Amino acid sequence: MAIEIVHTSAPLGHEVRGVDLAGPIDGATFAEIESAYDRFGTIVFRDQSLTPDQQIAFSRRFGPLDRYVLDRYNHRTWPDIFVISNIIGDDGEPIGMSDAGRYWHTDMWLTHTPPRGSILYALEVPVQNGEPLGDTYFASTGEAYDALPADLRARLDDTQAVFSKRKYFEFRARTNKDIDKPSGQASQQALADLGDEDIVHSIVRRHPRTGRKCLYLCEGVISRLIGWDEAESDAMIAFLERHATSPQFVYRHRWRAGDLVMWDNCACIHRATGDFELPLRRHMHRTTLANTAGAAA
Ligand code: SIN
C-alpha cells in the first residue's frame, strides 16, 4: 500500500492518506509512516475508525508505550489510553482530564525521560455554528532552532535548563480558565501530588532518530538556564518561548471526529486551545510512545 503525503503550508502537520490504521498495515507501509513521522514531527490521518485495542496495536508498532503520569485519567479498561475529555460520566466524575495541555509544552516534561511522542485520536469534537472548537497548535522546534544565529545556537547547545513544577502550578493557576472548576481543581491537585522537585533538561535536544537539533521548551515552566546570569537567562527564556511559536513554525489542527494526529516530543511543542464548554463535548484518546533513547536524547 503506497501512502500519499498532502503537505500543509507549515513545516509540520502534513496529512498521510491511503492507510486504514485499524490495520493490518504491512511492513513497507508502516516504514513509510514512521519515516514521515520522523521527518515532519507532526502528521495527521483523517477519517479513521479505531477501537481502543486498534489504537493501542497501531501505537505499539512504534515500540513500547508509556502510561500518562496522572493515573486517574488513564482509561479504566485500557490504562495505556489517557482520556482527554470534558464529559462527566454516569457516576458524576469526569471521564478524563478536561484541561490537558493548554500551554505550549512537550508531553510529560515533568519526568526525567519524556516520551518519544503521542498519538491522539478524536472520538468527539465540539462544533459550534458549523465550526470545530478545541484546535491544537503544533510548532516545529527543529525549524525554530535552525533559524537562530549560529553563535546563539552554539551557546544553547551546551545549556541545561531548570524546569520548575512549582512555576508550572503557579502558571496554571494564573492562566488556565478551568482552574476554578472542580475538574480544573482536580487536575491541579493531581499534578501537585507528583511533588515539586525541579527537573533539569537540555534546552537543545538532538533527535535520536534523525540527528536534527531541536529546542526543548515549555511555556511558563523554565525557571532558569544553568550557568547564565539571571537577567540574561530570564530574557533568553522569554525570547525563546516567543521565537519558537512564531507563525512560520506553527501548524493549527482543526479537529474532526475520526482524526488521528501523532506528534514527536523532540521535534515539536504543542498547545491545546480549550475554547469550548459543556454541553459541547470533546472526547479524545491518547497513547504515549515511550522514549527508548534515554533522557538526553
Ligand atoms: C495534549 O496532549 O497536550 C492535549 C492536546 C489536546 O487535547 O488537543
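Read on for a plain summary of the structure. All values derive from a computational prediction rather than experimental measurement. (Residues numbered from 1 in each chain as written. Predicted model: local features only at pLDDT ≥ 70, side-chain atom pairs only at ≥ 80, totals over all residues. Heavy atoms only, no water.)

### Things to note about unusual backbone geometry
And then number 1: Of note, the bond from G23 into P24 is cis; its omega dihedral lies within 30 degrees of zero at -5°.
And then number 2: Mapped onto the elements, P24 comes out in the loop between β2 (14–17) and α1 (27–40).
And then number 3: In this structure, M108 is a non-glycine residue whose phi angle is positive, near 55°.
And then number 4: Tracing the backbone through its elements, the reader meets M108 in the loop between β5 (82–85) and β6 (117–124). (Helix = DSSP H or I, 4+ residues; strand = E, 2+ residues; numbered from the N terminus.)

### Side note on the pairing of β2
And then number 1: Pairing analysis gives three bridges linking strand β1 (residues 4–6) to β2, with the strands arranged antiparallel. Among the inter-strand pairings, E4 is bridged to a residue of β2, identified as R17.
And then number 2: Where β2 and strand β3 (residues 42–45) come together, two bridges link them in parallel fashion. Note that in β3 the partner of E15 across the bridge is V44.
And then number 3: Assessed by its sense of winding, the connection that carries the chain from β2 through α1 to β3 is right-handed. (Pairing = 2+ DSSP bridges. Right-handed = clockwise from strand over helix to strand, strands pointing away.)

### A few points about the nonpolar core
And then number 1: The biggest cluster of nonpolar side chains holds 58 residues, and the ones touching the most others in it are W109, L156, F163, I203 and L215.
And then number 2: When residues in this core are grouped by element, the largest group, four residues, is from helix α7 (residues 230–244).
And then number 3: Among residues more than four places away in sequence, those in contact with I203 are L156, T159, Q160, A161, C214, L215, Y216, L217, I222, L225 and L240. (Core = buried A, V, L, I, M, F, W, Y, C linked by side-chain atoms within 4.5 Å. Buried < 20%, exposed > 50% of the residue type's maximum accessible area, 1.4 Å probe, protein only. Contact = heavy atoms within 4.5 Å.)

### Notes on the pattern of salt bridges
And then number 1: Evaluated as defined, the whole model comprises 27 salt bridges.
And then number 2: Notably, a salt bridge pairs R212 with E143, separated by 3.1 Å at the nearest N-O pair. Separated by 69 residues along the polypeptide, R212 in the loop between β12 (204–206) and β13 (213–215) and E143 in helix α3 (residues 141–146) bring together distant segments of the chain.
And then number 3: On the basis of relative accessible area, R212 is assigned to the partly exposed category, the value being 30%. (Salt bridge = Lys/Arg side-chain N within 4 Å of Asp/Glu carboxyl O.)

### A look at the site of the ligand
And then number 1: The environment of the ligand is made up of I84, A100, G101, H105, D107, L120, T136, W263, H270, A272, R282 and R286.
And then number 2: Between H105 and the ligand, the recorded distance is 3.0 Å, taken from a side-chain N or O atom to an oxygen atom.
And then number 3: At 2.9 Å, a side-chain N or O of R286 approaches an oxygen atom of the ligand.
And then number 4: Here the ligand, which alone exposes 260 Å², has 99% of that area covered by the protein.
And then number 5: Classifying every residue of the shell around the ligand by side-chain character gives five nonpolar, four polar and three charged. (Near = heavy atom within 4 Å. Polar contact = N/O pair within 3.5 Å; in protein donor to acceptor, adjacent residues only side chain to side chain. Areas by Shrake-Rupley, 256 points an atom, 1.4 Å probe, with all protein chains shown as cover. Nonpolar A, V, L, I, M, F, W, Y, C, P; charged D, E, K, R; others polar.)

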